[in-house]
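A closer look at the structure
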2 protein chains.
Amino acid sequence: MLRQKLKPFIPILEWLPTYKRAQLPGDLLAGIIVAIVLIPQSMAYAMVAGLPPQVGLYASVLPLLFYSLLGSSRTMAVGPVGLMSLMTGSLLAEMGINDTAQLLSIAVLLALLSGFTLLFMRLLKLGSVINFLSHPVISGFTSAAAILIMFSQLKHLFGIEIPSELGVIEKIGFTFSNSDQINATTLVIGLLSIVFLILIRSPLANKLAIKAGGILGKSAPLVVVVTGIFFTATFQLAESYGVAIVGAIPAGLPELKIPAFDQSLWQQILPGAMLIAVVGFLESISVAKALASRRREKIDANQELLALGASNISSAFSGGYPVAGGLGRSMVNFSSGANTPLASIITALLLAFALICLTPYLYNLPRAVLSAIIIVAVSALIDLETFKKAWRYDRADAASFLATFFAVLIIGIELGILLGAIISISLYLHRSSQPHIAVVGRIAGSEHFRNIDRHDVETHPHILALRIDENLYFANTNYLEDKIMGMIVDDSQIKELILICSAINFIDTSALDSLEMTIDRLRNAGVTVHLAEVKGPVMDKLKKSHFLAQLGEGKVFLSTHDAFTELG
Amino acid sequence: MLRQKLKPFIPILEWLPTYKRAQLPGDLLAGIIVAIVLIPQSMAYAMVAGLPPQVGLYASVLPLLFYSLLGSSRTMAVGPVGLMSLMTGSLLAEMGINDTAQLLSIAVLLALLSGFTLLFMRLLKLGSVINFLSHPVISGFTSAAAILIMFSQLKHLFGIEIPSELGVIEKIGFTFSNSDQINATTLVIGLLSIVFLILIRSPLANKLAIKAGGILGKSAPLVVVVTGIFFTATFQLAESYGVAIVGAIPAGLPELKIPAFDQSLWQQILPGAMLIAVVGFLESISVAKALASRRREKIDANQELLALGASNISSAFSGGYPVAGGLGRSMVNFSSGANTPLASIITALLLAFALICLTPYLYNLPRAVLSAIIIVAVSALIDLETFKKAWRYDRADAASFLATFFAVLIIGIELGILLGAIISISLYLHRSSQPHIAVVGRIAGSEHFRNIDRHDVETHPHILALRIDENLYFANTNYLEDKIMGMIVDDSQIKELILICSAINFIDTSALDSLEMTIDRLRNAGVTVHLAEVKGPVMDKLKKSHFLAQLGEGKVFLSTHDAFTELG
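Below: a short report on this structure. Starting afresh in each chain, residues are numbered from 1 along the sequence in its written order. Each chain is given a letter, starting from A, and each ligand a number, starting from 1, according to the order in which they appear as written. Local features in a predicted model are, by the rule used here, given only for residues with pLDDT of at least 70; side-chain atom pairs are given and counted only at 80 or more, and totals for whole chains, interfaces and linings are based on all residues.

**Details of the overall build of chain A**
- Counting from the N terminus, the helices are the DSSP runs of H or I reaching at least four residues and the strands are the DSSP runs of E reaching at least two. The number of helices and strands found in chain A is 27 helices and eight strands.
- Its C-alpha atoms put chain A at 95 × 65 × 50 Å along the principal axes.
- Per-residue burial over chain A gives 52% buried out of 568 residues.
- By the convention adopted here, residues make contact when the C-beta atoms placed from their backbones lie within 7 Å. At a minimum sequence separation of 6, the contacts of chain A that also span at least 24 residues come to 81%. Buried residues are those with 20 or more other C-beta atoms within 10 Å of their own C-beta, exposed residues have 12 or fewer, and partly exposed residues lie in between; C-beta atoms are placed from the backbone.

This is the structure we're talking about:
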């Protein structure tokens with residue numbers, strides 16, 4: 001049956017036929033609450049990207065629907081998020097375009113290319129690309145991005161025009177030296193909104209409180225929006241005090257159209273779109289995993305590539321910009337009782353309703369209110385906990401947090417995350433290139449062998465038993481060669497060398513070369529090399545080479561104990 | 001004493017005071033033979049770099065002397081080599097300069113910057129940078145470079161002007177389509193020289209034969225040079241038949257002068273110079289190691305950085321170009337009986353003598369003879385053995401050989417070697433990101449635990465004993481999380497999970513996070529996690545974190561046997 005065949009690819013075929021009536025109240029409530037959160041938030045994020053507010057709303061309808069059909073997470077809510085908005089905004093700013101129509105067409109193209117990138121990654125089953133960044137690097141990256149997003153909102157908060165290409169420090173300097181242009185009314189509106197949002201959030205700081213807070217806490221953004229509109233309209237703050245407002249938003253659903261295709265533009269923005277796709281995937285998968293672990297669901301990284309790819313392409317066709325799974329709104333969805341993706345379908349329908357009927361009421365919404373919502377939302381992303389933990393546990397990991405954090409702040413987002421990945425990988429290679437080598441001996445009366453430096457053990461003067469605590473591969477062959485030769489040169493009594501391979505999971509071609517050479521050199525020095533505790537998969541591969549013949553008089557023992565007994 | 005303090009940095013202080021008279025004959029003979037090899041070879045390599053022949057001779061005097069003072073290898077001979085010449089030539093060709101004086105000043109600056117790069121690497125103790133390329137990648141790189149070098153000589157061999165920017169295939173095509181311009185006399189001289197050099201080499205193909213071949217084999221290049229000069233001069237081949245000759249070489253030692261410093265030029269060629277430095281270091285260290293292993297000497301990678309840095313800087317000050325340790329001439333030096341670096345000092349003095357007295361005699365040397373010498377010399381670098389071995393042992397390594405080989409041939413040297421490094425590293429990360437996980441049981445009547453799929457072992461239905469055969473780090477946390485949760489979900493009988501850590505050498509911060517989360521999730525599912533056989537250094541670090549508290553009721557056992565006995 002076709003439906004059976006499609007099931008693995010279209011999760012809705014899995015949950016919809018078995019939908020229970022009892023699941024509806026939770027889905028309905030969650031759908032409504034997320035819509036309340038999402039309407040102001042999506043407009044705010046569009047502002048971060050330097051796009052008109054309705055673009056954020058457009059990016060919240062079809063992508064949400066498509067994800068609910070295809071996604072493997074049952075409760076993740078997809079739409080405009082901080083990171084993607086920041087990256088889109090920085091890419092648009094770099095291109096130096098001021099014409100709104102052109103900005104829109106590039107944003108749409110970015111979503112399209114990001115979507116295709118994700119689908120392409122699905123084809124190549126590259127879901128494992130998420131494995132190339134360490135937690136400290138991801139955390140350093142999002143923390144710095146949160147700060148960049150907050151600073152991008154200074155201009156709306158202070159009501160002055162700050163050039164978006166300025167760095168974080170320069171923005172502060174610029175604000176100070178142009179303090180005479182600050183719009184006091186705007187600033188008051190923004191600060192009051194921030195204070196209100198923080199106060200409402202404060203008892204919700206921990207996970208428990210999110211559940212207890214209920215609708216009141218979650219609708220706080222709606223409260224500041226309504227209050228902001230009310231005061232601005234009543235006291236004509238825009239006309240009399242120059243408060244920047246959202247202004248006219250075209251009513252109605254986004255027009256569905258095929259994105260314009262311009263080859264030179266396409267080539268110019270492709271690298272940026274690919275990076276946006278990878279970062280969005282990274283963010284979404286970590287959100288999805290965090291939610292799944294609470295309900296024992298399974299997240300399939302390759303299915304997520306498909307779902308997010310489709311979401312981004314649908315965003316492009318409906319005049320949106322790149323989207324991903326957002327942590328905040330997904331948590332709201334989850335904790336408001338969402339049981340199935342039906343909640344997201346309800347949210348999407350409500351957003352469509354808002355686009356059709358509510359846009360005239362948003363006219364007087366001060367931009368400073370939206371900025372306040374963003375600043376409070378992204379402040380949760382600044383993750384000092386991870387840094388502190390890494391600092392205690394592993395200084396090198398803490399250093400990679402700091403390096404990524406400052407690189408993103410100072411050099412920029414793209415180079416920053418690239419540098420982070422390079423640091424993660426170099427650090428790992430460096431670690432495994434100087435492996436721990438233990439000289440071991442037998443614990444008296446047992447068959448156990450332990451490090452002679454840490455335990456009181458039996459040894460034989462003519463036997464050197466070495467346990468190499470690392471895979472043998474190109475990055476550590478030189479180190480090991482030198483180390484082993486050094487030990488043999490230092491002690492002329494040694495006649496038998498036992499290499500204990502219990503911690504060796506593979507030996508690559510470079511290491512095989514080096515091992516053969518070392519065995520050869522040791523033979524000339526009168527030392528026979530034996531192996532012990534070689535793992536099954538390693539042995540299978542060694543049998544394919546001439547290595548075992550090269551061992552000569554050396555033997556392969558099942559256990560170190562056997563080797564010690566026979567050679568001792 | 002100052003000398004005692006300097007000893008580790010200036011190896012000559014080590015060997016000269018203890019020099020024995022019996023060592024002199026070997027050093028003298030080897031010094032003379034290497035000079036005989038080096039005179040034509042160094043001129044030939046200068047041609048590969050697109051520089052006048054005397055530059056090769058200049059690069060063979062001071063660099064050789066400086067290396068003999070500072071190098072940690074006693075028998076390596078430093079000077080112009082194929083790879084460095086090819087890279088220098090490709091960089092000069094890219095810059096599109098035709099003026100010889102300007103070419104010379106850039107070549108000198110390249111040597112200077114390469115030297116400084118090496119000294120800078122010495123300061124940072126980056127000797128371990130050699131660990132970042134696997135043997136198959138290095139071998140794929142040198143094989144492709146050898147082919148590029150051979151094809152760069154086609155123009156001298158056929159006596160037609162082939163644009164050096166053409167690719168390998170295009171060069172063949174160009175030669176065919178311009179076959180009417182081929183200079184038959186030049187081609188005959190070149191081919192005869194190649195045939196002679198190959199015939200002389202053939203019995204020397206294996207290492208034994210090098211010793212047996214003696215002076216005759218080694219002086220074959222000198223024989224073709226002298227014969228070539230004789231015939232060209234006698235029959236006026238240059239004037240009457242248009243055979244391209246070396247022409248006038250300025251007599252005398254190179255003028256010592258400070259290289260001109262041009263900042264914009266400096267910035268332009270720095271990346272190239274850095275790559276040349278790293279590749280030269282790579283080549284030299286593998287030559288030095290190959291020689292050292294035959295006499296149980298020790299090569300110090302950081303000392304080599306110092307010695308090669310000084311050699312390159314001295315090359316710059318004496319009008320040369322980037323140098324490195326050459327495999328061929330070092331083997332000749334070694335097998336001719338060189339005992340100490342005195343052999344190299346003798347070679348350098350003979351080269352200086354040649355520059356002062358012999359240059360007029362080289363006027364009639366056909367360039368095709370030099371090309372023949374190069375083609376035969378570099379053909380030994382095409383290393384199909386490594387490829388075949390890798391193909392049998394590890395297909396992924398064989399694929400990285402092929403990828404690097406074709407990337408260097410088609411895309412170019414710089415990008416090719418970069419791609420090779422990326423492939424090596426990605427391959428390793430990919431391997432360790434999907435580690436082998438074995439479910440183990442006890443071999444009846446013993447304390448040994450083995451894979452249940454490979455051995456007949458005892459198990460308990462409520463205990464799952466897992467041995468993870470890899471370090472836990474960011475690239476494999478996702479995989480392991482999914483794998484372990486999957487096993488628990490599949491078998492509801494399991495109440496105790498023993499993670500056997502005998503193959504785990506470190507756990508990074510990302511993996512610690514993930515492990516804590518997994519333990520938490522398993523606790524909710526009614527499964528207690530225990531650890532067994534945790535290595536000392538890993539345990540030391542875990543004690544610094546909150547991890548052990550997070551284990552809850554789980555315990556840390558010294559051995560899997562203990563865990564099995566207590567929980568069984």
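**With respect to the sheet that holds strand β4 (residues 449-451) of chain B**
- With respect to topology, six strands assemble into an open sheet ordered β4-β3-β5-β6-β7-β8 (chain B), the strand pairing being mixed. Where the open sheet ends on each side, the last strands, each with one partner, are β4 and β8 (556-557) of chain B. Strands pair, by our definition, only if DSSP identifies at least two bridges between them.

**Remarks on the sheet that holds strand β3 (residues 437-442) of chain A**
Residues and elements named next belong to chain A.
- Taken together, six strands build an open sheet; the order of strands is β4-β3-β5-β6-β7-β8 and the sheet is mixed. Of all the strands in the sheet, just β4 (449-451) and β8 (556-557) have a single pairing partner and so form its edges.
- The sheet contact formed by strand β7 (residues 528-532) and β8 spans two bridges and is parallel. Opposite Ala532, over in β8, you have Phe557 as the bridge partner.
- Think of each axis as a best-fit line through the C-alpha atoms, taken over the contacting stretch in the case of a helix, with angles from 0 to 180 degrees between the N-to-C directions. The strands touched by helix α27 (residues 560-567) within the sheet are β3, β4, β5 (463-468), β6 (496-500), β7 and β8, with β6 carrying the most contacts at an inclination of about 170°.

**Observations concerning helix α13 (residues 220-234) of chain B**
All names here are of chain B.
- Expected span of a helix: the number of residues minus one, times 1.5 Å. With 15 residues, α13 should reach 21 Å at 1.5 Å per residue; the first-to-last C-alpha distance of 21 Å fits that figure.
- Of all the positions in α13, only Ala220, Pro221, Val224, Val225, Gly228 and Thr232 are classed as buried. In a view along the axis of α13, the buried residues occupy a sector of 140°, so they form one face of it. Facing away from the buried side of α13 by over 90 degrees, the exposed positions are Phe230 and Thr234.
- Residue Gln236 follows α13 closely and has a positive phi angle near 45°. Read the arc as the range of directions from the helix axis to the C-beta atoms.

**With respect to the interface of chain A and chain B**
- Of the residues lining the interface, 52 residues belong to chain A; the matching set on chain B comes to 52 residues.
- When contributions to the side of chain A that touches chain B are tallied by element, the ones reaching two or more residues are α8 (135-152), α20 (384-393), α22 (413-433), α24 (509-524) and α25 (536-544) of chain A.
- Polar here means any residue other than Ala, Val, Leu, Ile, Met, Phe, Trp, Tyr, Cys and Pro, which are nonpolar, and Asp, Glu, Lys and Arg, which are charged; Gly is therefore polar. Split by residue class, the side of chain A that touches chain B holds 18 nonpolar, 19 polar and 15 charged.

**Quick word on unusual backbone geometry**
- The phi torsion at Gln236 of chain A lies on the positive side, around 50°, for a residue other than glycine.
- Its place among the elements puts Gln236 of chain A in the loop between α13 (220-234) and α14 (237-241).
- Residue classification places Gln236 of chain A among the exposed positions, given that 11 C-beta atoms sit within 10 Å.
- A positive phi angle, near 55°, is found at Glu533 of chain B, a position not held by glycine.

**Some thoughts on the relation of the copies chain A and chain B**
- Each copy is superposed on the other by least squares, with the fit set by C-alpha atoms of residues at a pLDDT of at least 70 in both. Laying chain A over chain B is done by rotating through 180° and shifting 0.0 Å along the axis; what remains is an RMSD of 0.1 Å. When the rotation and shift are considered jointly, the pair of chain copies conforms to a two-fold rotation axis. By C-alpha distance to the rotation axis, the residue of chain A lying nearest is Ala503 of chain A, at 2.0 Å.
- The overlap is high: 100% of the interface residues of chain A also sit at the interface in chain B, so the same surface is used on both sides.

**Overview of the environment of Pro271 of chain B**
- By secondary structure assignment, the location of Pro271 of chain B is in helix α15 (residues 263-295).
- Under the C-beta neighbour-count criterion, Pro271 of chain B is labelled exposed, with 12 such atoms within 10 Å.

**Notes on the environment of Arg454 of chain B**
Residues and elements named next belong to chain B.
- Looking at the element boundaries, Arg454 is found in the loop between β4 and β5 (463-468).
- Judged by local crowding, Arg454 falls into the exposed class, with 12 C-beta atoms found within 10 Å.
- Residues Arg454 and Ala438, 16 residues apart in the sequence, show an inter-C-alpha distance of 9.8 Å.

**Some thoughts on the pairing of β5 of chain A**
Residues and elements named next belong to chain A.
- Alignment of β3 against β5, held across three bridges, turns out to be antiparallel. In the strand pairing of β5, Ile437 is matched with Ile468.
- Pairing of β5 with β6, which is carried by five bridges, proceeds in the parallel orientation. Residue Ala465 lies in a different strand from β6, and its bridge partner there is Ile498.
- Handedness of the crossover is the feature at issue here: the chain leaves β5, passes through helix α23 (residues 477-490), returns alongside β6, and the resulting connection is right-handed. Look down the strands so they point away from you; if the path from the first strand over the helix to the second goes clockwise, the crossover is right-handed.

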